[in-house]
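Remarks on the overall topology
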Amino acid sequence: MEISAEQFKNILINIADTIEKNVNYLTELDAEIGDGDHGVNMNKGFKKIKSQLLEADADTNKDIGEILINAGKVLLNEIGGAMGPLYGGGMVKAGITLKGKEKINKNDILILFSSMLDSIKSLGGAKIGDKTMVDTIEPFVNTYKEQIEQLKNNDLKSAFKTALDAAKNGMLSTKDLVSKIGRSSRLLERSKGHIDVGAASSYLILEAFYNSL
Ligand code: ADP
Ligand code: MG
C-alpha cells in the first residue's frame, strides 16, 4: 500500500476537519489546566492548511515532502503558544526528510512520524511521562516501528492500528500524571486528573490519519 500526494492532501484535510469538530473538546481540556487556547489555535492553523490545499491547483504539488513543509510553515506562522513551533517545526522537519517523494509507503510513514517526534523532543525537551503530546506520539512511533521492523508486518493499516491503540493508551495515561513541562507544570500536583490537551490533539491527528487510509 502506498499513499499518493493526492491522498496525502486528503489526509491533511481530514485532520483539519477532525480538529474543527473537536474544538470545544480541546478548549475544555486546555481550560482545565492551561489557558484554553489550544482548540482555537489548532483550528485556526489547520483551517488555513485546508484552504491552501483546496485553493491550489490539484497538479501543482505532487511532492509530499513539500506539502508537509508548506503545512508546517502555516502552523509556524499562524499558531501562537507552544503549538506553532512544536507541531509546525515537526511537520517541516518531517517534510525535509520526505522531500522529493510523490508517494510514501509504510517505511516512509515511520520516517514521517519519527522525525516529527525527534523535532518535538529536541525543541521542547519533553520526555515520556512529562504529560505532553510526547506521551501520545512516542508510543505510536515505537509500536509502529516494532510492527514493521521486528514483527515484519507488511500491512500498513494494521501496523498503524496497533500503533494507534498504543497512542490512545499513552494519551489516557496523561490523566494521572503530574505535568513536568509547559504551562500546566505551574500547577504542580493540581495538574493531575486531567488528560493533557496536546496529547489529546496528537491522538486526534493520528486517528484522523488512520481513518483516511
Ligand atoms: P500553550 O501552553 O502555550 O497555551 P497550547 O495550549 O496550544 O500552548 O498547547 C499546550 C500543549 O502543548 C500541552 O498540553 C503539551 O502537550 C504541549 N507542550 C507544551 N510545552 C511542550 C514541550 N516543551 N514539549 C512538548 N509538548 C509541549
Ligand atoms: Mg494553551
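Residues numbered from 1 in each chain as written. Chains lettered and ligands numbered in written order. Predicted model: local features only at pLDDT ≥ 70, side-chain atom pairs only at ≥ 80, totals over all residues. Heavy atoms only, no water.

1. Focus: the overall build of the protein chain
What the protein chain contains, in helices and strands, is 9 helices and 2 strands. Ordered by position from N to C terminus, the α and β elements of the protein chain give β-α-α-α-α-α-β-α-α-α-α. Taken over C-alpha atoms, the radius of gyration comes to 16 Å for the protein chain, in line with the 17 Å a tight globule of 213 residues would show. In terms of its C-alpha atoms, the protein chain occupies a principal-axis envelope of roughly 50 × 40 × 30 Å. Burial analysis of the protein chain (213 residues in total) assigns 53% to the buried set. (Helix = DSSP H or I, 4+ residues; strand = E, 2+ residues; numbered from the N terminus. Rg over C-alpha atoms; globule rule 2.2 N^0.38 Å. Buried < 20%, exposed > 50% of the residue type's maximum accessible area, 1.4 Å probe, protein only.)

2. A look at the side chain of Thr132
You can see Thr132 is positioned in the loop between α6 (106-124) and α7 (134-150). At 3.0 Å, the side chain of Thr132 and the backbone nitrogen of Val134 are in polar contact. Excluding residues that lie within four positions of it along the chain, Thr132 makes contacts with Ala126, Thr174, Ile181, Asp196 and Ala199. (Polar contact = N/O pair within 3.5 Å; in protein donor to acceptor, adjacent residues only side chain to side chain. Contact = heavy atoms within 4.5 Å.)

3. Quick look at the coordination of the magnesium ion (ligand 2)
All of the protein donors around the magnesium ion (ligand 2) are Asp30 (OD), Asp35 (OD) and Asp37 (OD); their distances to the metal are 2.0 to 2.3 Å. Spacing between the donor residues of the magnesium ion (ligand 2) along the chain follows D-x4-D-x1-D. (Donors = N, O, S within 2.8 Å, 3.2 Å for Na, K, Ca; no water.)

4. Focus on the site of ligand 1
The environment of ligand 1 is formed by 18 residues, the closest being Asp37, His38, Met83, Gly124 and Asp196. Contact distances for ligand 1 include 3.1 Å between an oxygen atom and a backbone N or O atom of Met133. Between an oxygen atom of ligand 1 and a side-chain N or O atom of Arg183, the distance comes to 3.2 Å. For ligand 1, whose free accessible area comes to 560 Å², the fraction covered by protein is 91%. (Near = heavy atom within 4 Å. Areas by Shrake-Rupley, 256 points an atom, 1.4 Å probe, with all protein chains shown as cover.)

5. A few points about the packing of α7 against helix α9 (residues 197-211)
With their axes 7 Å apart at the nearest point, α7 and α9 run at an angle of 40 degrees to one another. For the element pair α7 / α9, the angle class is oblique. Packed against α7, whose contacting residues are Thr136, Ile137 and Phe140, the element α9 presents Ala199, Ser202, Tyr203 and Leu206 at the interface. Considered class by class, the residues forming the contact of α7 with α9 number 5 nonpolar, 2 polar and no charged. (Axes fitted to C-alpha atoms, helices over the stretch in contact; angles between N-to-C directions. Parallel < 35°, antiparallel > 145°, perpendicular 65-115°, else oblique. Nonpolar A, V, L, I, M, F, W, Y, C, P; charged D, E, K, R; others polar.)

6. Overview of unusual backbone geometry
Positive phi, normally seen in glycine, also occurs at Lys131, with a value near 70 degrees. Tracing the backbone shows Lys131 in the loop between α6 and α7. Taking relative accessible area as the criterion, Lys131 reaches 1% and is therefore assigned buried. Within the chain, Lys152 stands out as a residue other than glycine whose phi angle is a positive 55 degrees. One can find Lys152 in the loop between α7 and α8 (156-173).

7. Quick word on α7
When the terminal C-alpha atoms of α7 are compared, their 22 Å separation across 17 residues agrees well with the 24 Å that a helix rising 1.5 Å per residue should span. The complete set of buried residues in α7 reads Val134, Asp135, Thr136, Ile137, Glu138, Pro139, Phe140, Val141, Thr143, Tyr144, Gln147 and Ile148. In the segment just after α7, Lys152 is the residue with positive phi, at about 55 degrees. (Expected span 1.5 Å × (residues − 1).)

8. Concerning the environment of Leu53
In this fold, Leu53 is placed in helix α3 (residues 38-55). By relative accessible area, which is 18% here, Leu53 ends up buried. Measuring from C-alpha to C-alpha, the distance between Leu53 and Met83 comes to 21 Å, with 30 residues separating the pair along the chain. Beyond its immediate chain neighbours, meaning those up to four positions away, Leu53 contacts Lys9, Leu12, Ile13 and Ile67.

9. Notes on the nonpolar core
One finds Phe8, Tyr144, Phe160 and Phe209 to be the most contacted residues of the largest nonpolar core, which totals 63 residues. Among the elements that line this core, the one with the most residues is α9, at 10 residues. If we ignore the near neighbours within four places in the chain, the residues touching Phe8 are Ile3, Ile64, Ile67, Leu68, Ile104, Leu112 and Phe209. (Core = buried A, V, L, I, M, F, W, Y, C linked by side-chain atoms within 4.5 Å.)

10. Comments concerning the environment of Glu2
Along the chain, Glu2 falls in the segment before β1 (3-4). Glu2 sits in the partly exposed class, given a relative accessible area of 43%. Distance in space between the C-alpha atoms of Glu2 and Leu213 is 9.7 Å, their sequence separation being 211 residues.

Don't take any of this as a statement about function, it's just geometry.
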